[in-house]
Amino acid sequence: MNGYAGTKEDYLKRLARIEGQVRGIARMVENDTYCIDVLTQVSAATKALQAVSLGLLEDHISHCVIDAARESDEAAAVKVTEASAAIARLVRS
């Protein structure tokens with residue numbers, strides 16, 4: 001079971017809103033909206049995706065990593081490595 005299973009519907013709703021934001025940004029570009037206004041909306045969509053990412057990361061640590069730590073040191077090390085790699089990808093993005 002995924003760490004976000006209990007909040008899956010919330011994530012899906014948030015992602016649907018973000019999808020709508022991105023479609024709106026595309027319409028802004030199609031309509032030749034002023035660049036700064038487009039960039040403002042891109043920033044808002046980016047922040048919304050970052051919030052989803054942080055929530056998923058928190059769910060992963062509080063569920064998957066903790067469960068693996070209860071299982072064995074080796075399983076915990078694998079999950080911590082996965083989480084560290086995910087954090088590194090988020091920081092670089």
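For the structure, check the block above.
Since we're looking at a predicted model, the values are computed, not measured. (Residues numbered from 1 in each chain as written. Predicted model: local features only at pLDDT ≥ 70, side-chain atom pairs only at ≥ 80, totals over all residues. Heavy atoms only, no water.)

**Q** Can you tell me about the overall build of the chain, naming the residues and giving the values?
**A** Counting its secondary structure elements, the chain contains three helices and zero strands. The linear arrangement of helices and strands in the chain, starting from the amino end, is α-α-α. The C-alpha radius of gyration of the chain comes to 17 Å, more than 25% above the 12 Å expected for a compact globule of 93 residues. Once the C-alpha set of the chain is aligned to its principal axes, its extents read approximately 55 × 30 × 15 Å. Scored against the burial criterion, the 93 residues of the chain give a buried share of 22%. Of all intrachain contacts in the chain linking residues separated by at least 6 positions in sequence, the fraction that spans at least 24 positions is 54%. As presented, the chain carries roughly 6700 Å² of accessible surface, and 59% of it is formed by carbon and sulfur atoms. Within the chain, one finds 11 positive and 13 negative side-chain charges whose respective centroids are separated by 4 Å. (Helix = DSSP H or I, 4+ residues; strand = E, 2+ residues; numbered from the N terminus. Rg over C-alpha atoms; globule rule 2.2 N^0.38 Å. Buried < 20%, exposed > 50% of the residue type's maximum accessible area, 1.4 Å probe, protein only. Contact = heavy atoms within 4.5 Å. Areas by Shrake-Rupley, 256 points an atom, 1.4 Å probe, with all protein chains shown as cover. Lys, Arg positive; Asp, Glu negative; His and termini not counted. Charge placed at Lys NZ, Arg CZ, Asp CG, Glu CD.)

**Q** Give a detailed account of the packing of aromatic side chains, specifying residues and quantitative values.
**A** Applying the stated rule across the entire model yields one aromatic pair. Seen from their ring centres, Tyr-4 and Tyr-11 are 6.2 Å apart, and the 90° between their planes marks the pair as edge-to-face. Relative accessible area serves as the criterion here: at 32%, Tyr-4 is assigned to the partly exposed category. (Phe/Tyr/Trp six-rings, centres within 6.5 Å; stacked < 30°, edge-to-face > 60°.)

**Q** Which residues make up the side chain of His-60, and what are the values?
**A** Mapping His-60 onto the fold places it in helix α2 (residues 35–71). Using a relative accessible area of 18% as the deciding quantity, one classes His-60 as buried.

**Q** Report on unusual backbone geometry, specifying residues and quantitative values.
**A** Positioned with a positive phi, Asp-32 is a non-glycine residue whose angle comes to about 55°. Inspection of the secondary structure assignment puts Asp-32 in the loop between α1 (8–30) and α2.

No statement about biological role is implied by the geometric values presented.
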